[in-house]
Structures are given as C-alpha cells and as structure tokens.
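# Chains, contacts and geometry: an overview
In case you want the letters, here they are:
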2 protein chains.
Amino acid sequence: MPWKMARRAERLNPSTIREILKVTERPGIISLAGGLPSADSFPVEAMAEASARVLREHPREALQYAASEGYAPLREWVVADLARHGLQADASQVLVTTGSQQGLDLVGKVLVDPGSEVAVESPTYLGALQAFNPYEPEFAAVEGDAEGPLPAALEAVRDARFLYLLPNFQNPSGRCLSAARRDALAERALALGLPIVEDNPYGELWFDAPPPPPIAARCAEQAVYLGSFSKVLAPGLRLGYVVAPKALYPKLLQAKQAADLHTPGFNQRIVYEVVKALERHLPAGCRWAVPAGGMFFWVELPAALDATALLPRAVDAGVAYVPGAPFFAGDGAGHANTLRLSFVTVPPERIEAGVAALGAVLKTALGGVLTEVLA
Amino acid sequence: MPWKMARRAERLNPSTIREILKVTERPGIISLAGGLPSADSFPVEAMAEASARVLREHPREALQYAASEGYAPLREWVVADLARHGLQADASQVLVTTGSQQGLDLVGKVLVDPGSEVAVESPTYLGALQAFNPYEPEFAAVEGDAEGPLPAALEAVRDARFLYLLPNFQNPSGRCLSAARRDALAERALALGLPIVEDNPYGELWFDAPPPPPIAARCAEQAVYLGSFSKVLAPGLRLGYVVAPKALYPKLLQAKQAADLHTPGFNQRIVYEVVKALERHLPAGCRWAVPAGGMFFWVELPAALDATALLPRAVDAGVAYVPGAPFFAGDGAGHANTLRLSFVTVPPERIEAGVAALGAVLKTALGGVLTEVLA
C-alpha cells in the first residue's frame, strides 16, 4: 500500500444521507428523504434565454478564466438583495462560491485548527459537520429550547472559533428563530467576542411571512453570512456566496483561489441574467422566491423506536425518510428516535400516501416494542 | 478582534501571479504574463447549441442536485479519451472536479499532514503549491536535468506522501518529459513505493507530435492523474477530473462531497455534448484539441538581473511577464533571474513587439548592472 493518508482523512466518511438515498432510489418508493427542491420550480425558460444571451453577447469573457472574487455585477446584485433583507454589506465583502457548501469548506479551512472548538445547534446541518470535520474541530452542541439556541448557553462555548447557526427553517428541524432570539444571541455573541457563521439556504422559502433579518445584521464585524441560489433558482448551477468582514475576507479569498481558482463564470453570468429578468417580469414589491415554504418536517418518534433500524421496513412499505441521528455532532446517541421528512420533491397526494405508509410501519413497530416490554 | 485564524491560514497568501496580473491590466500593455488560452479558440457555437439542447431535453436533471462522482456519461467519455492516450481506467475511478485545481486541493486534503513531505519539480506549477500549502507540507524539490526530474533523485524523497509532476509542457518551464524518462521515473517510483500525482492540463496543446503516454499508465495503482477541460475547451466552465486507484478514490470522493457537493451538473452536460459534437464533426483520426501548442516560454536572464525588480520598468515600456521565483517551492532564492512568457493570449504581431520592448528593457538593465560592477 503506497498511499499514506492524512490524519484528517479519518474524519471523512461516507454521508449517511447519501448512502440512504441510494436505497431509496428503488422505483415506486415515496421518498420523503432527500431535500431536493421540486424541479417544477426551476425557471428553465429564463435559464435557456440567459444562457443563449451570455454566449451571444459575452462568450469570450464568460468562458475565460475570471476573478476569484466572482462576477462583479452579481456581487453587486447580492449586496442589493441583502439590503432588502436588512443586511448592509459592500460588494468587496462578497465572495462567490461553488455552492454555499464551498463557503462552509472555506470557513473551516481558514478558521479551524485541529482540536479547536466549533459550536453548533443540536441537531444541525449534516453537510456543515462534513465540511468542518476534515479540519478536525471538537464540536460543542449549544443548549437550546423550542425557540432555538439559548443566549445564556453561549457562555459555555465562548472560546469556540465560531458558532454555526442556521436560523431560517433549519435543516433538519425546520425551526425558524424569532427576531427577539436573534437580538439576544447577537448581543451575547458580541459581549463574548464569539464569531458567528450564519448559513441561510432556506430563508426565501417562507409560507406566510418572511423570516426576521439575519443575525449578521446585528453583529456584522464578527459574522460570516452564507447565501445560496440552490433553493431559489436551481442547485445544479452550484452557486452560493459568502459575506465576510474585512478582517477575514482576504484569507477566505486566498483559500477560494487555492480550492478551485473561481466559480464558473458562465454560471455566474447566467444566474445574474436570470435574477435580473425575474425582477423585471414581476410587479414591484413581489419577491422572486419560489413559492415553496421550508423543506423539512422534523419528527420525534417514541423513545423506544430507532429510525435507522426502521428504515428498511419503511422502504419495504414504499416510503423513505432520513434518520435524524447523523444531524447531531458526535455519535447521535439519544437521538435514534428522530427522523426528517422532506416535502418538496413529492407531489401532495403522494406525500399523503407516504405518510400513511410510514404511520402503518410505526404502529407495527411500536406494537412490537410493547410486546417485547410486556414479554 | 474576535477572529482567531487556523494555523494553516498563515500559509495562504495572495498569489504573486494574481497581484502582478492586476498591474498588467493597464491598457496598452502587451501581456506575456498570464496563461489565459486564446478566446478565439473557444467553441462558442457548439457551447450555445449544447446549452440549449441540455435545457430543452434534460432541464430537470441538469439543474437538480447530482452525484458527487460526476455525470456518468462524461465519466465514461473521459475513460474512452484516456484509453486513446494510453491510460486504462474504469469509470468508477473518475471523479469530476470543479477545475483540475480542485483535484489538487482534494489530493492535498486527503494525503498531506502538517510537516509531511511533498516532492515537486523545481520550478513547478504555482497553483499546486498554493493548493497544497494550507495542508502544511514540507516541499522537497527533486533534482533534475534538461529532460526532467532525475530517477536517481527519487531515492532522496522516498518518504514523501507523493511526487507531484507536470510531465507535458510544464507550467512554467514548458518542458515535456520523454517516454524513456517517464519509464525510468515510474520504475523508480514503483521500486520505492513513492506515489505520483500527475497533472496534465497541457497535454493536448502539442505542435508536432503528441506527448508520450502518461506516467500513470506505467504505475496506475500508485498514481493519481488529473485532467482538465480548461485548456482544450474553455476555462470558464471550471471542469476537470481526477483518476484515482480504488485504494484512494473513496476518500477523494468524500472530500469532494464536503467541499462543494458536486461540480455543476449543467456544465458537465454541456461539456459532454460539446466533446461528442466535436468528435462527430471531425474526420476519423483527427483529435479535437485546439491547434495551439503549449502555452509558456521559460526564460533565464543573466544572473545579475532580478525579474521581479525589473517588472515595473517592463510595464512602463508596455510589456508584462511573470517573474519565475514564485514557481519554486520555498522562497525562490537563486531564481530571481527567471521569468515566464505566455504566448497564447496575445496575437503573433503583438508578441513580437512585446518581446522587442522586453529586450530593450533588459539591455538597459544589464548596462546598468555592468556600470555598477565597473564603478
């Protein structure tokens, strides 16, 4: 064996979600597992027009090497869009990334030393755990309640390199932090000098009212904000962005350049054309967000049930979901009874059938557990 | 200052090339500096047709989340193309990356521990040094001659995690390794158990005869091979690939997933359509490579001259180049008199004017040096 792996490679592991999604690709399964946006919402016609225009009007620039920072007009658009959401930033703070997943990787690369602490919600986004993991942090779960992380709990993680938060319709829990909780968290973080990494892939997917302004708006100098076009336009272009304070931006930029030189310029120009076109075609005051609304239901089963162990039975019954344990930093102990249901990919009538099938499986399983207990 | 950087962030620095390119963007400068492929060679029409077709026929798949491994038909095409170049591989060994720069980052992430040795040619590709640097290796320059690295010199780096080689028209030196040297290097590497990372962005850019088959063809189980579509189609799509042995592939895949989930599926499908179309439109036996040939001239000035110090004078005279010192691992000491000229971006008649202007600057500088020595 000529290959000697880096120590950090031990922390790279197959994604539970990924491996499970392979099982759930069996035909006929009603998948409430993966978090794929509905393809019905992709603005295909606008994309086709934008692609044609970019290649007609600026083919040499769109297909050439480009700046690591990103396409300047798109960065300006991001600034204007963030201002509409209550976050003031300058284009010089915007770094376009290859999906917001890359933003997480760059943050980890620049801020995480082996053994340093990274504070997370519990549960939190599995992809963030995966992105940070190769940089060998110790994860610290911040205590929370139904409203989100507790401001008083930040004291315990004051030495963390940062607190990673997903305030809007969190994956996997669907939880959205109130304005008051955001205020209180920002105030505590400022008092403690605790940096915040705020991830917002789902903020545009609201039902009745938009979420409150970002936490970063309340503590801009010690916050990194990550945005994404994956959920509101289309994931297949892999386009996201990072907004960072001036103290951090140059290192993130250098890490970006080392990682992939720059995000495809062609894609950046297409997205810019599409967002501008969508703004033109909608009446003033309308938002161009896809009229979906959050993506996930978070379910806690009776404590005796193990969602991972039940998955094969659910799949046999024609329905799939994602077990919740991997969304917890550490080994997920004590959370075997949790699971995540996605409601964005499957049409409504099939969701109902899927949930009915799941209910039947759970009832049978619970019956079995009771029988065992009584035996 | 709430931000505490990771130790590895100290190794992230502004690219010398990048900073210099900013200077050379002054209007009227004949830039022999950057290595941008000529935009005249971009297959714009084929790209436009491919984009339209992909969005007409498979919009839902092209714009959706996709597999981290890459688009299966493109991976199959890569396998067929590599076979034409003498490298046998299986599609399960092909990982599509966001430019081959990302392949370098993933290799560093999976294989390099702080303090571990990475063997490189001297000079070598600056972007590779940048990609590996955050993983904190010690670089070891392998002794070479005009034909490339010396097989006997591999003994001295036998404990390196890998030897990074750019055998075809190297950036910055332009050097191409002979078949005999490739054989001898592979044989030594096999005997020593020294893994090889072979980077091939320029292999298709040959004038008279294609380069010999890859070194990886001679030691597949202990070689990683990196390919790119940037130089032969267009850099702005950011599309490259890694071919890895089965012992290494899963970790690279997991690192890829953590880094950006997947390379844009839209781009992968466009490139697949374009390469298939170009194959259809060319007579059998023709290669679809852009008929350029290498990209760089490597120049050694008289030892008394410092190419970095001379650059402002050259720019004042209307010509730009890249100083050679940053292409050496370490501080480039002893190589201040080297520089790289690119001949792919500027039209031939301007190249001549640029080289004439550079010659005048060098003559003046050399006169100054002589005057100093004589004074």
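Preceding block: the structure.
Residues numbered from 1 in each chain as written. Chains lettered and ligands numbered in written order. Predicted model: local features only at pLDDT ≥ 70, side-chain atom pairs only at ≥ 80, totals over all residues. Heavy atoms only, no water.

## What about the overall build of chain A?
Along the backbone of chain A there are eleven helices and 14 strands. Taken over the C-alpha trace, chain A has a radius of gyration of 21 Å; the compact-globule value for 375 residues is 21 Å, and the two agree within 12%. Projected onto the principal axes, the alpha-carbon positions of chain A cover approximately 70 × 55 × 50 Å. Put simply, chain A has 375 residues, and 61% of those count as buried. Looking at chain A alone, contacts between residues at least 24 apart form 78% of all its contacts between residues at least 6 apart. Accessible surface, chain A as shown: approximately 14,200 Å² in total, 57% of it carbon and sulfur. (Helix = DSSP H or I, 4+ residues; strand = E, 2+ residues; numbered from the N terminus. Rg over C-alpha atoms; globule rule 2.2 N^0.38 Å. Buried < 20%, exposed > 50% of the residue type's maximum accessible area, 1.4 Å probe, protein only. Contact = heavy atoms within 4.5 Å. Areas by Shrake-Rupley, 256 points an atom, 1.4 Å probe, with all protein chains shown as cover.)

## A word on the pattern of salt bridges
Tallying each qualifying case throughout the model produces 24 salt bridges over all chains. With a shortest N-O distance of 2.4 Å, Arg-53 of chain A and Glu-273 of chain A are connected by a salt bridge. With Arg-53 of chain A in helix H2 (residues 44-57) and Glu-273 of chain A in helix H9 (residues 265-281), this pair connects stretches of sequence that are 220 residues apart. The pair Arg-53 of chain A / Glu-273 of chain A is uniform in exposure class, with both members buried. Of the charged contacts, one joins Asp-145 of chain B and Arg-181 of chain B as a salt bridge, the two residues approaching to 3.0 Å between their closest N and O atoms. Of this pair, Asp-145 of chain B sits in strand E5 (residues 144-145) while Arg-181 of chain B is found in helix H7 (residues 179-192), placing the two residues 36 residues apart along the sequence. (Salt bridge = Lys/Arg side-chain N within 4 Å of Asp/Glu carboxyl O.)

## Thoughts on the packing of aromatic side chains
All chains considered together, the criterion is met by 15 aromatic pairs over all chains. Ring geometry for Tyr-71 of chain A against Tyr-272 of chain A: centres 5.8 Å apart, planes inclined by 80°, an arrangement best described as edge-to-face. Of this pair, Tyr-71 of chain A sits in the loop between helix H3 (59-62) and helix H4 (72-84) while Tyr-272 of chain A sits in helix H9, placing them 201 residues apart in sequence. Residue Tyr-272 of chain A is classed as buried on the basis of its relative accessible area of 18%. Note on Trp-298 of chain B and Phe-327 of chain B: the rings are 6.2 Å apart at their centroids and 85° apart in plane angle, and the pair reads as edge-to-face. In this pair, Trp-298 of chain B sits in strand E11 (residues 296-300) while Phe-327 of chain B sits in the loop between strand E13 (322-323) and strand E14 (338-342), placing the two residues 29 residues apart along the sequence. Take Trp-298 of chain B and Phe-327 of chain B: they sit in the same class, and that class is buried. A connected cluster of aromatic rings, assembled from ring pairs, spans Trp-77, Phe-229 and Tyr-241 of chain A. (Phe/Tyr/Trp six-rings, centres within 6.5 Å; stacked < 30°, edge-to-face > 60°.)

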